[in-house]
Amino acid sequence: MNNDNRSNSSGARPPGPRSAPPSPWAITLGTVAGIPIRLHMTFLLFLAFLALVIYRGPDSGVGLLFLIGVFGCVLLHELGHSLVARKYGIPVSEIVLYPIGGVARMEKIPKPHEELWIALAGPAVNLVIAIAILIGLIATGSMGTLGSWINMRVGDGFWIQELMIANLMLAFFNLIPAFPMDGGRILRAILALIMGEVPATRIAVAVGQFMAFVMGFIGLILPSVILIFIAFFVFIGASQEGTYYQSRALVQGLSARAAMLTDFRTLPVGATLQEATNLLLETSQQDFPVIYGEEVVGVLSRQSLLRGLSTEGPSGYVTGSMQRDFLIASPDADLQELAANLQAGQQTCALIMEHEKLVGMVTMENLAEFLIIQQIMQRQQGQTT
Ligand SMILES: [Zn+2]
C-alpha cells in the first residue's frame, strides 16, 4: 500500500483499501453517484417508532408514502452536501442515515470557505424541494385555505402538503447553529474565515453544546421525545467532532517530516524473534521495519511480535511474523491525510521513504505526542498574541 499520492494532482483519492472503513451498525441500501447509501440501525428503530405512534390509522398506506418521501428528502439533502464536497475534490466515503438526519462522511476536512458551501447545500436542497411542491400546489389549484393547512393530517391524504412542511422543517432545523448540525458548521466556517480554525471550532462546539441544552430543556417542557433525542445527539456530536476537528486542525498544512521519528532501530531479514524481543525491551520502539540491505520488506509490530513468540517461540524468524503490507509516505506527505490513513487502515505506523530510502517513521504514539505538543504551542501563542 502506497500512501504517496502527490502525483495525483486532482487531489482525489482512488477508492480501495485506503478508504475509511464503513460505519458499524449500518446496512447498505445501494449506491448513488458512486456514494454508498447506508441506513443506520437506529433509523429503522425510529421508523418503527413513528409507524407505531403516529400512523396507526386506517390510512397507514398514505403515512408510509409520507415516510418514504421524508426519507428521500433527507437523502437528497445529504447528496447536496456530497456533490458540493466532490466539486472541491473531497471524496465522500458514504452517506449514513440516522433518525435525526443523515451524515455524509468526507475523507478530508474541507477548507472554511468550502465547508460553508458544503454545509449550505443540504438545507438549500430542502428549500428547493419545498418551493417546488409549493409551485406544484399553486399550479394545480390545490393550495386550499389557511384553515385547511392548520387542520390537515398526513392520514387524510395531505401527504404532499405535509412533505412540503417537512422539508421546510428539515431546512430550518439543520440551520440551527448547533455544531455538528449544518448551521453549526456554517457558523464554524464563518468564524474560521475570521479567526482561524482552532478558536472557531472551540466556539462552535461551545455554542453547539449550549444549543443542545436549550433544545433538551424545551424538549422536557413540551414534552417532546424527539427534541430530547436530537439534543442528546447534538451534545455528543459536538464534543466528538470538536475533538476530531481540533486534532486535525493542529496538523493542518504540516508534512510528515514535522512529526516523524528519525531515530529508530531496524531488524535485518535474518533476525530471530528473540533478537526482536531484545530490541523491544531495550528501546521504547513498538514497530520495527524489517530490512534486506537497503530495502524494507516488512514491519514487525509489537502485537505481531508477541503473537509470533507464542506460536513459533523465540527461535522463529521475524520474516514469518512481520506484516508485508504496510503504509508508505513521502516526507512531504500531508500529515493530516497520513493521520487519517493510519486511523482508517488501523495501522500502527507509517514508513517515511525518500528516494526509496527509509528516512523516518510516523507511529500512532509519536503522532499523539506531537499533537499534544502542538496544542501546548498553539495555546502559548494564543496567550502571547
Ligand atoms: Zn446537512
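This text gives an overview of the structure that appears in the document. (Residues numbered from 1 in each chain as written. Predicted model: local features only at pLDDT ≥ 70, side-chain atom pairs only at ≥ 80, totals over all residues. Heavy atoms only, no water.)

Quick word on the overall build of the protein chain
Phase 1: The helix and strand inventory of the protein chain stands at 14 helices and 10 strands.
Phase 2: Contacts spanning at least 24 positions in sequence make up 61% of the contacts within the protein chain whose residues lie at least 6 apart.
Phase 3: Working note: accessible area of the protein chain is about 19,900 Å², and carbon and sulfur atoms make up 65% of it. (Helix = DSSP H or I, 4+ residues; strand = E, 2+ residues; numbered from the N terminus. Contact = heavy atoms within 4.5 Å. Areas by Shrake-Rupley, 256 points an atom, 1.4 Å probe, with all protein chains shown as cover.)

Here's the deal with the pairing of strand β10 (residues 357-363)
Phase 1: Burial analysis of β10 places 5 of its 7 residues in the buried class, the great majority of the element.
Phase 2: Where strand β9 (residues 349-354) meets β10, 6 bridges bridge the pair, whose relative direction is antiparallel. Across the sheet, residue Glu 354 finds its bridge partner in β10, namely Lys 357.
Phase 3: Where β9 folds back onto β10 in an antiparallel hairpin, the turn is made up of 2 residues, including His 355, whose phi is positive at roughly 50 degrees. (Buried < 20%, exposed > 50% of the residue type's maximum accessible area, 1.4 Å probe, protein only. Pairing = 2+ DSSP bridges.)

Things to note about the coordination of the zinc ion
Phase 1: Protein-derived coordination of the zinc ion comes from His 77 (NE2), His 81 (NE2), Asp 182 (OD) and Asp 182 (OD), at a distance range of 1.9 to 2.6 Å.
Phase 2: Classification of the site at the zinc ion rests on its 4 donor atoms, whose angles at the metal span 56 to 150 degrees, yielding the label irregular.
Phase 3: Spacing between the donor residues of the zinc ion along the chain follows H-x3-H-x100-D. In this pair, His 77 is assigned in helix α2 (residues 60-87) and Asp 182 in helix α6 (residues 182-195), connecting sequence segments 105 residues apart.
Phase 4: For His 77, a relative accessible area of 3% translates into the label buried.
Phase 5: For Asp 182, a relative accessible area of 7% corresponds to the buried category. (Donors = N, O, S within 2.8 Å, 3.2 Å for Na, K, Ca; no water. Tetrahedral: all angles 85-135°; square planar, octahedral: opposite > 155°, others 65-115°.)

Digging into the packing of aromatic side chains
Phase 1: Following the criterion strictly, the structure yields 4 aromatic pairs and no others.
Phase 2: With 5.6 Å between their ring centres and 70 degrees between their planes, Phe 213 and Phe 235 make a pair best called edge-to-face. Here the residue Phe 213 occupies a position in helix α7 (residues 197-221), and Phe 235 occupies one in helix α8 (residues 225-250), the gap between them amounting to 22 residues.
Phase 3: Judged by its relative accessible area of 59%, Phe 213 falls in the exposed class.
Phase 4: Plain terms: the ring middles of Phe 229 and Phe 233 are 5.1 Å apart, the flat faces sit at 70 degrees to each other, and that makes the pair edge-to-face. (Phe/Tyr/Trp six-rings, centres within 6.5 Å; stacked < 30°, edge-to-face > 60°.)

Some points on α8
Phase 1: Here α8 is 26 residues long and its end C-alpha atoms lie 38 Å apart, about the 38 Å a rise of 1.5 Å per residue gives.
Phase 2: Those residues of α8 not exposed but buried are Leu 227, Ile 230, Ala 231, Val 234, Gly 237, Ala 238, Gly 242, Tyr 245, Gln 246, Arg 248, Ala 249 and Leu 250.
Phase 3: A side-chain oxygen of the first residue of α8 lies 3.1 Å from the backbone nitrogen of Leu 227; this N-cap is Ser 224. (Expected span 1.5 Å × (residues − 1). Polar contact = N/O pair within 3.5 Å; in protein donor to acceptor, adjacent residues only side chain to side chain.)

Comments concerning the sheet that holds strand β7 (residues 295-301)
By definition, the strands of a sheet pair up through backbone hydrogen bonds, in either a parallel or an antiparallel sense.
Phase 1: The strand order across the open sheet built from 3 strands is β5-β6-β7, with neighbouring strands paired in mixed fashion. What marks the edges here is a single partner per strand, and that holds for β5 (267-268) and β7.
Phase 2: Alignment of β5 against strand β6 (residues 287-292), held across 2 bridges, turns out to be parallel. In the strand pairing of β6, Leu 267 is matched with Val 290.
Phase 3: In this fold helix α11 (residues 302-312) packs onto β6 and β7, with an angle of close to 75 degrees to the strand it touches most, β7. (Axes fitted to C-alpha atoms, helices over the stretch in contact; angles between N-to-C directions.)

The values are spatial; any link to function lies outside them.
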